[in-house]
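If you want the building blocks of each chain, they are given just below.
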Amino acid sequence: MAETTWSPLFKEAVSTDFRDFHECLDQDKRIALYDVAGSKVHARMLARAGILTAEENNRIQVGLDQIADEMRAGTFVWKKELEDVHMNVESRLTALVGEAGKKLHTARSRNDQVATDIRLYARAELDALAAELKSLVLAFVDLADRHAETIMPGFTHLQVAQPVTFGHHMMAYAEMFLRDLERVGQARERLNVSPLGAAALAGTGYPIDPAYSAGELGFSRAFRNSLDAVSDRDYVVDICATGAIIMGHLSRFSEEVILWCTPMFDFIEVGDQFCTGSSIMPQKRNPDLAELVRGKAARIIGNLATSAALMKSQPLAFNKDQQESKPPLTDTLENVRGAVTVTTQMLPTIKVRAANMLAAAEQGYSTATDLADYLVRAGLPFRDAHHAVAAIVGAAREKGLATLSEMPLAEMQTFASAIGQDVYDVLSVEGSVGSRNHPGGTAPEQVRSAIAELRALLA
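Everything quoted here is computed from the prediction, not taken from an experiment. Counting from 1, residues in each chain are numbered in the order their sequence is written. Reporting in this predicted model follows two pLDDT cut-offs: at least 70 for local features of residues, and 80 or more for side-chain atom pairs to be given and counted; totals over whole chains, interfaces and linings ignore these cut-offs and use all residues. Excluded from the side-chain calculation are hydrogens and water; included are all heavy atoms of the structure.

**Student:** Would you explain the overall build of the chain in this entry?
**Tutor:** Only DSSP runs of H or I with at least four residues qualify as helices, and only runs of E with at least two residues qualify as strands; both kinds are numbered from the N terminus onward. Of the regular secondary structure elements, the chain holds 20 helices and six strands. This radius of gyration counts C-alpha atoms alone. The globule rule is 2.2 Å times how many residues there are, raised to the power 0.38. Relative to the 2.2 N^0.38 estimate, which gives 23 Å for 459 residues, the radius of gyration of the chain is 31 Å and therefore markedly larger than a compact globule would have. Dimensions along the principal axes, computed over C-alpha positions, put the chain at roughly 100 × 55 × 40 Å. Under the scheme applied here, a residue whose accessible area is under 20% of the maximum for its type counts as buried, over 50% as exposed, and between as partly exposed, the area being computed with a 1.4 Å probe on protein chains only. Counting only residues that meet the buried cut, the chain has 48% of its 459 residues in that class. In the chain, of all internal contacts separated by at least 6 residues, the share reaching a separation of at least 24 is 74%. Here the chain has roughly 21,700 Å² of accessible surface; of this, 53% comes from carbon and sulfur atoms. Put simply, the chain has 46 plus and 59 minus side-chain charges, and the middle of one group is 4 Å from the middle of the other. Between two residues, a contact is recorded if the distance between any of their heavy atoms is within 4.5 Å. Per-residue accessibility takes into account occlusion by the displayed protein chains alone, with areas from the Shrake-Rupley method and a 1.4 Å probe. For the purpose of charge, His is not counted, nor are the chain termini; Lys and Arg are scored as positive and Asp and Glu as negative. We put the charge of a Lys on NZ, of an Arg on CZ, of an Asp on CG and of a Glu on CD.

**Student:** Got a minute to help me understand the pattern of salt bridges in this structure?
**Tutor:** For side chains of opposite charge, pairing can occur when their charged atoms come near one another. Salt bridges are defined by distance alone: a side-chain nitrogen of Lys or Arg within 4 Å of a carboxyl oxygen of Asp or Glu. Scanning the entire structure with this criterion turns up 28 salt bridges. One salt bridge connects Glu 216 with Arg 44, and the closest N-O pair in it is separated by 3.0 Å. Of this pair, Glu 216 sits in helix α9 (residues 210-216) while Arg 44 sits in helix α3 (residues 32-48), and the two are 172 residues apart along the sequence. For Glu 216, a relative accessible area of 41% translates into the label partly exposed. Arg 119 is the salt-bridge partner of Asp 232, the closest N and O atoms lying 2.7 Å from each other. On the criterion of sequence distance, the pair formed by Asp 232 in the loop between α10 (226-231) and α11 (234-261) and Arg 119 in helix α7 (residues 110-146) is long-range, its members being 113 residues apart. Arg 119 shares its class with Asp 232; the two are buried.

**Student:** Explain the nonpolar core to me, please; I cannot follow it from the model alone.
**Tutor:** For soluble globular proteins, nonpolar side chains are generally found buried alongside one another. Of all hydrophobic cores here, the largest spans 86 residues; its most connected members are Leu 133, Phe 140, Met 170, Leu 250, Phe 253 and Ile 268. Sequence-distant contacts of Leu 250, defined by excluding residues within four places in its chain, comprise Leu 136, Phe 177, Val 293, Ala 339, Val 340 and Thr 343. Nine residue types can take part in a nonpolar core, namely buried Ala, Val, Leu, Ile, Met, Phe, Trp, Tyr and Cys, and a core is a set of them joined through side-chain atoms within 4.5 Å. Leu 371, Ala 388, Ala 396 and Ile 419 belong to the second-largest nonpolar core, a separate cluster that totals 23 residues.

**Student:** Can you help me understand unusual backbone geometry in this one?
**Tutor:** Along the chain, Leu 316 connects to Ala 317 via a cis peptide bond; the corresponding omega equals 10 degrees. Checked against the element boundaries, Ala 317 lands in the loop between α12 (288-311) and α13 (326-346). One non-glycine residue, His 157, adopts positive backbone phi at about 60 degrees. Turning to its location among the elements, His 157 is positioned in the loop between β1 (151-156) and β2 (159-165). You will see that Leu 158, though not glycine, has its phi angle at about 60 degrees, which is positive. Within the fold, Leu 158 resides in the loop between β1 and β2.

**Student:** Honestly, the packing of α3 against α7 in this entry has me stumped. Any pointers?
**Tutor:** Structural elements are reduced to axes, namely lines fitted to C-alpha atoms, with helices fitted over the stretch in contact, and the angle between N-to-C directions of any two is expressed from 0 to 180 degrees. At a minimum axis separation of 9 Å, α3 and α7 run at an interaxial angle of 120 degrees. Judged by the angle between their axes, α3 and α7 are oblique. Classified by chirality, the crossing of α7 by α3 is right-handed. On the side of α3, the interface is formed by Tyr 34, Asp 35 and Ser 39, while α7 contributes Gln 113, Asp 117, Leu 120, Tyr 121 and Ala 124. Residue composition of the contact of α3 with α7, by class: four nonpolar, two polar and two charged. The scheme is simple: roughly parallel for angles under 35 degrees, roughly antiparallel for over 145, roughly perpendicular for 65 to 115, oblique for anything else. Helix crossings fall into two classes, left-handed where the near helix is turned counterclockwise from the far one by less than a right angle and right-handed where it is turned clockwise. Polarity classes work like this: nonpolar for Ala, Val, Leu, Ile, Met, Phe, Trp, Tyr, Cys and Pro, charged for Asp, Glu, Lys and Arg, and polar for all others, with Gly in that last group.

Below is the structure:
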């Protein structure tokens, strides 16, 4: 099929296979409305500089508004042979307003144009992600509030370690996602610089006003170096890194959901709307949402690797390689937000099996550290107390006792004479949890204090 050439400089038309390999319309449709918005501001800037007449600017504004309406309505005709969003918009604009449309590209390049469009798109997506993350944090806070006193085992190495509360456990995730919310804000701040006016790489000889364009588009400032402005994709790596951390946190929680739903744990039940069954095993109730989120984490981490590797060997300034920065960026933003949203929706459906959690917390001699602390308060050095309690635990195991509180006082005193009758208050999981009554601790009072603090912070 015959193709037109780029310009009289080229004697042969672009290969159709190369054209298909080269075009990026599927990605560019995401930034189409941002391209129109940037073009409207650019036209106004050109008119302020006297490069366009007021009439030309007016016609361009009307034409671009019509193009935006067509895009929103789904009636805009995309032409693959025009390669990208910029040429599609310019072609349609020229068809609508005539010669004025051909003047819009004065004092800019597709290099600074696409850099502007992607930043506008990414900024809006980060704002949406921040709102979803805030909802996720509050969903964890709500769940924690309902279970500030629900005792469960705390784990290290996935072995029962010490008793905690389910509310305290949920607030750990609230803290993680609160940090993620901060990361999203920081990534937004770093990308919020306008490249418009940098042109191809060296700026332009026209009397442009980059600061005006930046302000009109809501950027915090304009670029300081034209080479960096068109070649920078740090913000893509930054967003992919932020997304990878968020997905890592979601994956950790998903893994616990999956474990807790198994009959071996039976700590929680997830709502039906977030589970699936089996095509052959009628009893199955699979927490598929959690599994999908865990799986997508690998995909987002892959996007980080792609985006970082893509930029490592590119000389200044713009290179066509940078077209490949769009897929990991858009995939990260869209899938991370989706994962955050569905996890937020799942949290209120979780039913906690408090009795099973309590029974599990009483296993594995989880109050052994409390016994060691008891002996320290009685005057033993901690290392000696640790040694004595280890011996008591060993004796309990040999006897087949489920908890240390089942061991007779006289027998415990053979290992540490300082032990008195009051030790049984220390050996209960309720006493253990209640004793951690300091800021950041697992005592119910402290969990509720942390909840109130986060609610106030996010209000």
